[in-house]
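Residues per chain, in single letters:
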Amino acid sequence: MRKPFVAGNWKMNKTVEQAKALVAEILPGIQSIDSVERVFCPPATSLPTLSELLKDSGVGLGAQNMHWEASGAYTGELSAGMVKEFCQYVILGHSERRAYFAETDGTVNKKTKAALAAGLTPIVCVGETLDENKANLTAEVIKRQIHQGLAEMSPEQASKIVVAYEPVWAIGTGLAATAPEANTVIKSYIRDTMKEMFGAGVAEGVRILYGGSVTAANAAEFFSQPDIDGALVGGACSKPDFIQIVKAAAA
Ligand code: PGA
């Protein structure tokens, strides 16, 4: 049985004061729902404050990115060890990082290994663009992202990863994939590829999320699919929506 997982990706939104206010609003609505693994991923500036606020709450904290090196001359970057001071999770390879900050399957691979070595749970994002989707390249792109992003890892390492399928055309557009469509990609291109790479035990145990215009209105439909284990939520991170999405994952 895979434990449902819902993470909020706040992206480049909220000052520390605003982040504290949002957590104060949402936490009472989700704190008791411990059948779902719940995670907030605010901007890095809020991580120290939120790690104090969330201590003993049962709700986890994640960063939105990190570097693969342990330290050194990498201006503007954070290492896995620095993230680990405050977080249990880290989002890696988000499509916005791939599109605007030159992330590749190779850098995602290095970051994922570094996160695991530091004891963080990586939330590794994959997804095809609209052009790739229209050109019927979805299977090829997703399998490549999984093969290369998770290359040279042991089954034991792979079992600790959470994967998020986020079709780029569905992110922030209000145009979600249909639930069966997302389930097919997750089952046939992600879970089955991980089965080839790491064996059936790992593939059956690994949590795979859907992300891309998940809302309080459509979340339950995604979660009713057999291979969708939760959601990575962007725009619907505000109070009523996020609480509803966590409740839907528990149902
Ligand atoms: P969205 O973003 O829910 O606003 O589409 C999801 C994400 O980017 O993780």
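Scroll up for the structure.
The following paragraphs examine the structure supplied in this document. Here the residue numbers are simple positions, counted from 1 along each chain's written sequence. Residue-level local features of this predicted model are given only where pLDDT is at least 70; pairs of side-chain atoms are given and counted only at 80 or more, and the full residue set underlies all totals for whole chains, interfaces and linings. The basis for every side-chain value is the complete set of heavy atoms in the structure, and neither hydrogens nor water enter the calculation.

What about the site of the ligand?
Moving on, step 1. Lining the immediate surroundings of the ligand are 13 residues, of which Lys-11, His-94, Glu-166, Gly-172 and Ser-213 lie closest.
Moving on, step 2. The definition of a polar contact used here is a pair of N or O atoms within 3.5 Å, where within protein one atom must be able to donate a hydrogen and the other to accept one, and adjacent residues in sequence count solely through side-chain atom pairs. Measuring from an oxygen atom of the ligand, one finds a side-chain N or O atom of Glu-166 at 2.7 Å.
Moving on, step 3. Backbone polar atom of Gly-235 to an oxygen atom of the ligand: 2.8 Å apart, as the coordinates give it.
Moving on, step 4. Computed with a 1.4 Å probe, the accessible areas rest on the Shrake-Rupley method; for each residue, only the protein chains presented here act as cover. Considering the ligand on its own, with 280 Å² of exposed area, one finds that the protein chains cover 95% of that surface. We call a residue near a molecule or strand whenever a single non-hydrogen atom of that residue lies within 4 Å of it.

Some points on the packing of aromatic side chains
Moving on, step 1. Within 6.5 Å between ring centres, the rings of Phe, Tyr and Trp (the latter by its six-membered ring) count as paired, and their orientation is classed by plane angle as stacked under 30 degrees, edge-to-face over 60, tilted in between. Taken as a whole and assessed by the stated rule, the structure comprises 6 aromatic pairs.
Moving on, step 2. Ring plane angle 80° and centroid distance 5.6 Å describe the contact between Phe-5 and Tyr-89, whose orientation is recorded as edge-to-face. Of the two residues, Phe-5 is situated in strand β1 (residues 5–9) and Tyr-89 in strand β4 (residues 89–92); the sequence distance between them amounts to 84 residues. One exposure class covers both Phe-5 and Tyr-89, and it is buried.
Moving on, step 3. Three or more aromatic residues joined by ring pairs form one cluster here, namely Trp-10, Phe-40 and Phe-242. Where helices and strands are cited, they refer to DSSP runs of H or I of at least four residues and of E of at least two residues respectively, numbered from the N terminus. Burial classes follow relative accessibility: with a 1.4 Å probe on protein chains only, a residue under 20% of its type's maximum area counts as buried, one over 50% as exposed, and anything between as partly exposed.

A closer look at the nonpolar core
Moving on, step 1. The criterion is simple. A nonpolar core is a set of buried Ala, Val, Leu, Ile, Met, Phe, Trp, Tyr and Cys residues joined through side-chain atoms within 4.5 Å. Counting residues in hydrophobic clusters, the biggest one holds 67 residues, and the most contacted among them are Phe-40, Ile-190 and Tyr-210.
Moving on, step 2. Ranked by residues supplied to this core, first place goes to helix α9 (residues 179–198) with 7 residues.
Moving on, step 3. Phe-5, Ala-7, Val-39 and Ala-164 belong to the second largest nonpolar core, which has 12 residues in total.

Some details on the sheet that holds strand β8 (residues 230–233)
Moving on, step 1. The criterion for strand pairing is that DSSP finds at least two bridges linking the strands in question. If you trace the 8 strands once around the closed barrel, you get β1-β2-β3-β4-β5-β6-β7-β8, paired in parallel fashion. For this sheet the average axis-to-axis angle between neighbouring strands, irrespective of direction, equals 25°.
Moving on, step 2. Sheet analysis places strand β2 (residues 37–41) next to strand β3 (residues 60–63), joined by 2 bridges and oriented parallel. Residue pairing for β3: Val-39 is matched across the bridge by Gly-60.
Moving on, step 3. Against the sheet, helix α2 (residues 47–54) makes contact with β2 and β3, and its axis sits at roughly 165° relative to β3, the strand it touches most.
Moving on, step 4. Between two residues, a contact is recorded if the distance between any of their heavy atoms is within 4.5 Å. Axes here refer to lines fitted to C-alpha atoms; in helices the fit is confined to the stretch in contact. Angles between the N-to-C directions go from 0 to 180 degrees. Of the strands in this sheet, β4 and β5 (121–126) touch helix α5 (residues 105–117), which is tilted by about 160° from β5.

With respect to the pairing of β3
Moving on, step 1. A two-sided burial pattern is seen for β3, the buried positions comprising Gly-60 and Gly-62 on one face and Leu-61 and Ala-63 on the other.
Moving on, step 2. Handedness of the crossover is the feature at issue here: the chain leaves β2, passes through α2, returns alongside β3, and the resulting connection is right-handed.
Moving on, step 3. In this structure, β3 lies alongside β4, joined through 2 bridges in parallel fashion. Bridge pairing links Gly-62 to Tyr-89 in β4. With the strands aimed away from the viewer, a crossover counts as right-handed if its path from the first strand over the helix to the second runs clockwise.

Focus: helix α1 (residues 16–30)
Moving on, step 1. The span you would expect from a helix comes to 1.5 Å times its residue count less one. Counted at 1.5 Å a residue, the expected span for α1 with its 15 residues is 21 Å, and the 21 Å between its end C-alpha atoms agrees.
Moving on, step 2. Restricting attention to buried positions, one finds in α1 the residues Ala-19, Leu-22, Val-23, Ile-26, Leu-27 and Ile-30.
Moving on, step 3. Of the surrounding elements, those touching the buried residues of α1 are β2, α2 and α12 (239–250).

A closer look at the packing of α1 against α12
For any two helices packed against each other, the geometry comes down to the angle between their axes and how far apart the axes lie.
Moving on, step 1. α12 packs onto α1 with a crossing angle of 30° between their chain directions and a minimal axis gap of 9 Å. It follows from the interaxial angle that α1 and α12 lie roughly parallel. Relative to α12, the crossing made by α1 is right-handed. Counted together, Leu-22, Glu-25, Ile-26, Gly-29 and Ile-30 of α1 and Lys-239, Phe-242, Ile-243, Val-246 and Lys-247 of α12 form the full contact between these two elements.
Moving on, step 2. Three classes are used: nonpolar for Ala, Val, Leu, Ile, Met, Phe, Trp, Tyr, Cys and Pro, charged for Asp, Glu, Lys and Arg, and polar for all others, with Gly counted as polar. Class assignment for the residues of the contact of α1 with α12 results in 6 nonpolar, 1 polar and 3 charged. Oblique is the label for any angle not covered by the other classes, which are roughly parallel (under 35 degrees), roughly antiparallel (over 145) and roughly perpendicular (65 to 115). Here is the rule for handedness: rotate from the far helix to the near one, and if that takes an anticlockwise turn smaller than a right angle the crossing is left-handed, while a clockwise turn gives right-handed.

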